[in-house]
Amino acid sequence: MTRSGQPAGAVLLDIDGTLVDSNYVQVEAWVRSFRDVGFEVDAWRVHRTVGMAGHQLVPRVASLCGVDLPPGAADEVEQAHSRHEAASADRMRVFDGARELVREIAARGARPVLATSASLEQLERLRELLDVEDVLHAVTSSQDVEASKPEPELVQVALRTAGVEPSEAVFLGDSVWDVIAAERAGVPCIGVLSGGVGAHELTEAGAVEIRTDVAELLADLDGSALAAVLRPTG
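These figures come from a predicted structure and were not determined experimentally. Along each chain, residues carry numbers from 1 onward, in the same order as the chain's sequence is written. Reporting of local features is limited, given that this is a predicted model, to residues whose pLDDT is at least 70; pairs of side-chain atoms are given and counted only at 80 or more, and all residues count toward the totals for whole chains, interfaces and linings. The side-chain quantities take in all heavy atoms of the structure and omit both hydrogens and water.

Please explain the sheet that holds strand 1 (residues 10–13) as it appears in this structure.
Pairing between sheet strands relies on hydrogen bonds along the backbone, with the strands arranged either parallel or antiparallel. A pair of strands counts as paired when DSSP detects no fewer than two bridges linking them. To qualify as a helix, a DSSP run of H or I must reach at least 4 residues; to qualify as a strand, a run of E must reach at least 2; elements of each kind are numbered from the N terminus. Taken in spatial order, the 6 strands make up an open sheet running 5-4-1-6-7-8, and their pairing is parallel. Two strands bound the open sheet, and with one partner strand each, they are strand 5 (138–140) and strand 8 (209–211). Looking at each pair of strands side by side, their axes are set apart by 25° on average, direction ignored. The pairing of strand 4 (residues 111–115) with strand 5 spans 3 bridges and is classified as parallel. Among the inter-strand pairings, Leu 114 is bridged to a residue of strand 5, identified as Val 139. For helices, the fitted line uses only the C-alpha atoms of the stretch in contact; every axis is such a line through C-alpha atoms, and the angle between N-to-C directions lies from 0 to 180 degrees.

See the structure below:
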């Protein structure tokens, strides 16, 4: 631990709903995408799946909504989602304190790693919006793994990329899938409420700490679980 003089660790960061206010834009894009292919799905059920990669989200939403997708339809939904998401990108915004948090993490010696289920196209837009490329240690996405969250593989790849053990990292996310993936990889997870998931659900999934949003976390870094992987100030 940094408090005993060891090097700082890594902070693994989800993006959608955590650093960027995009979850509800994503929900609308998915609902419209299913409609383009001829199926109506419930927005609240879509919201329950946000945080998964598209190839996992589509069949899960279809199952939850009783939709029987014919062969090839899932790919059509994903392609439609890419179009709708791109058209709505201007409605996404970086949460207050998000850029400052990433920069402070780096300034205090830890390695900020983006660990997201986003597609490459989506990730490119999000990285441009975040504008913290100069301090990022690495970026991992669903393209780097066979199974994204809630499977632990994405978190494990992020750990290897950062060159740290699970005990030397903390995950920051907004969804139950983030928390489960981190826990399965042996990494403590801080949950934020900015993605629209309740504190009780995040805690039940295994979150070690709950914060309203990244701005609140930034204001109390030394009182948070992140302090374990950051160099102390002063």
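Explain the nonpolar core here, please?
One recurring pattern in soluble globular proteins is that nonpolar side chains are buried together. Grouped together as the largest cluster of nonpolar side chains are 42 residues, with contacts concentrated most on Leu 12, Phe 34, Phe 171 and Val 187. Among the elements that make up this core, the one with the highest residue count is helix 8 (residues 176–184) (6 residues). For Phe 171, the contacting residues outside a window of four places in its chain are Leu 12, Asp 14, Ala 115, Lys 149, Val 155, Asp 178, Ala 182, Val 187, Pro 188, Cys 189 and Ile 190. We define a nonpolar core as any set of buried Ala, Val, Leu, Ile, Met, Phe, Trp, Tyr and Cys residues linked to one another through side-chain atoms lying within 4.5 Å. Each residue's exposure class comes from its accessible area (1.4 Å probe, protein chains only) as a fraction of the maximum for that residue type: buried when under 20%, exposed when over 50%, partly exposed otherwise. With 33 residues, the next largest nonpolar core counts Val 25, Val 94, Leu 114 and Leu 217 among its residues. We call two residues contacting when some pair of their heavy atoms lies within 4.5 Å.

When you look at the pairing of strand 6 (residues 169–173) in this model, what are you seeing that I'm missing?
Consecutive residues of a regular strand have side chains that alternate between opposite faces of the sheet. Burial analysis of strand 6 places 5 of its 5 residues in the buried class, which makes it a mostly covered element. The alternating pattern of strand 6 places Ala 169, Phe 171 and Gly 173 and Val 170 and Leu 172 on opposite faces, both of which are buried. In this sheet, strand 6 lies alongside strand 1 in parallel orientation, the contact comprising 4 bridges. Bridging across to strand 6, Val 11 finds its partner in Val 170. Sheet topology note: the strand 6/strand 7 (residues 189–192) ladder contains 3 bridges and is parallel. In the strand pairing of strand 7, Leu 172 is matched with Ile 190.

What exactly am I supposed to notice about the pattern of salt bridges here?
Oppositely charged side chains can form a pair if their charged atoms are brought close together. Salt bridge, as used here, is a side-chain nitrogen of Lys or Arg placed within 4 Å of a carboxyl oxygen of Asp or Glu. Taken as a whole, this structure holds 16 salt bridges when the rule is applied. Salt-bridge contacts for Arg 125 lead to Glu 85; the nearest nitrogen and oxygen are separated by 2.2 Å. Of this pair, Arg 125 sits in helix 6 (residues 120–130) while Glu 85 sits in helix 4 (residues 73–87), and the two are 40 residues apart along the sequence. Since its relative accessible area comes to 22%, Arg 125 is described here as partly exposed.

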